[in-house]
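The lines below spell out each chain.
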Amino acid sequence: MDGANGKTTILVVDDNSDNVEILRAFLESRGFTVAEARDGRTALARMEEVRPDLVLLDVMMPGMDGWEVCRVIKQHPQLGDTKVVMVTAKGGFEDKMEGLRSRADDYVVKPVDFKELMEKVTRNLAARGSQA
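Residues numbered from 1 in each chain as written. Predicted model: local features only at pLDDT ≥ 70, side-chain atom pairs only at ≥ 80, totals over all residues. Heavy atoms only, no water.

### Some thoughts on the overall build of the chain
In step 1: On a plain count of helices and strands, the chain comes out with five helices and five strands.
In step 2: Starting at the N terminus, the α and β elements of the chain follow one another as β-α-β-α-β-α-β-α-β-α.
In step 3: Taken over C-alpha atoms, the radius of gyration comes to 13 Å for the chain, in line with the 14 Å a tight globule of 132 residues would show.
In step 4: Principal-axis analysis of the C-alpha atoms places the extent of the chain at approximately 40 × 30 × 25 Å.
In step 5: Looking at the chain residue by residue over its 132 residues, the buried ones come to 47%.
In step 6: For the chain, the share of sequence-separated contacts (at least 6 apart) that also reach a separation of at least 24 residues comes to 59%.
In step 7: Carbon and sulfur atoms make up 53% of the accessible area of the chain, which totals about 6500 Å².
In step 8: The centroid of the 19 positive side-chain charges in the chain is displaced by 3 Å from the centroid of its 23 negative side-chain charges. (Helix = DSSP H or I, 4+ residues; strand = E, 2+ residues; numbered from the N terminus. Rg over C-alpha atoms; globule rule 2.2 N^0.38 Å. Buried < 20%, exposed > 50% of the residue type's maximum accessible area, 1.4 Å probe, protein only. Contact = heavy atoms within 4.5 Å. Areas by Shrake-Rupley, 256 points an atom, 1.4 Å probe, with all protein chains shown as cover. Lys, Arg positive; Asp, Glu negative; His and termini not counted. Charge placed at Lys NZ, Arg CZ, Asp CG, Glu CD.)

### Observations regarding helix α2 (residues 40-50)
In step 1: Inspection of α2 places Gly40, Ala43 and Met47 among the buried residues, and these make up the whole buried set. In an axial view of α2, the angular spread of the buried residues amounts to 45°, which keeps them on one side of the axis. In α2, those exposed residues whose orientation departs by more than 90 degrees from the buried face are Arg41 and Glu49.
In step 2: Lining the buried residues of α2 we find β1 (9-13), β2 (33-37), β3 (54-57) and α3 (66-75).
In step 3: Near the N-terminus of α2, the side chain that reaches the backbone nitrogen of Arg41, with its oxygen 3.1 Å away, is that of Asp39.
In step 4: Among the residues trailing α2, Arg51 stands out with phi positive, at a value near 45°. (Arc of directions from axis to C-beta. Polar contact = N/O pair within 3.5 Å; in protein donor to acceptor, adjacent residues only side chain to side chain.)

### Brief notes about the pattern of salt bridges
In step 1: Under the counting rule described, the total for this entry stands at 20 salt bridges.
In step 2: Across the salt bridge formed by Glu49 and Arg46, the nearest N and O atoms sit 2.7 Å from each other. Linking Glu49 with Arg46, this pair stays in helix α2, spanning three residues, or about one helical turn.
In step 3: Owing to a relative accessible area of 23%, Arg46 belongs among the partly exposed residues under this scheme.
In step 4: Note that Asp53 is salt-bridged to Arg128, the shortest N-O span being 3.2 Å. Remark: Arg128 occurs in helix α5 (residues 114-131) and Asp53 occurs in the loop between α2 and β3; sequence separation between them is 75 residues. The same class applies to Asp53 and to Arg128, which are both buried.
In step 5: Each of Glu21, Arg24, Glu28, Glu36 and Arg38 takes part in salt bridges that share partners, so that together they form one network. (Salt bridge = Lys/Arg side-chain N within 4 Å of Asp/Glu carboxyl O.)

Written out as structure tokens, the structure reads:
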């Protein structure tokens, strides 16, 4: 719960505006503060600004893909403990292995099952809290 208003902040990163808005509505209706970014470089800048508790990160984006963004986050001296959940249409075995290699904390395949997403958000936020 790092947000200035005491709410948990989640950064949603996806180049598809519809996906961002759907996730924003879902998360805000559950009391989360939502920040957004439409590409990898913007996501990294937003990380510095908002210091989110969790990142929902798409893989297929122009410029930096989600794997590269995740690696940069995990190597960051202050932000490396931020939980990252990949949210992607890339659901194959090799894709999930790449998620592990990039040090993602969890993986949700699109189309998003919102019950599964909420379970993973809750679990990762709880794990982050226990590390603090």
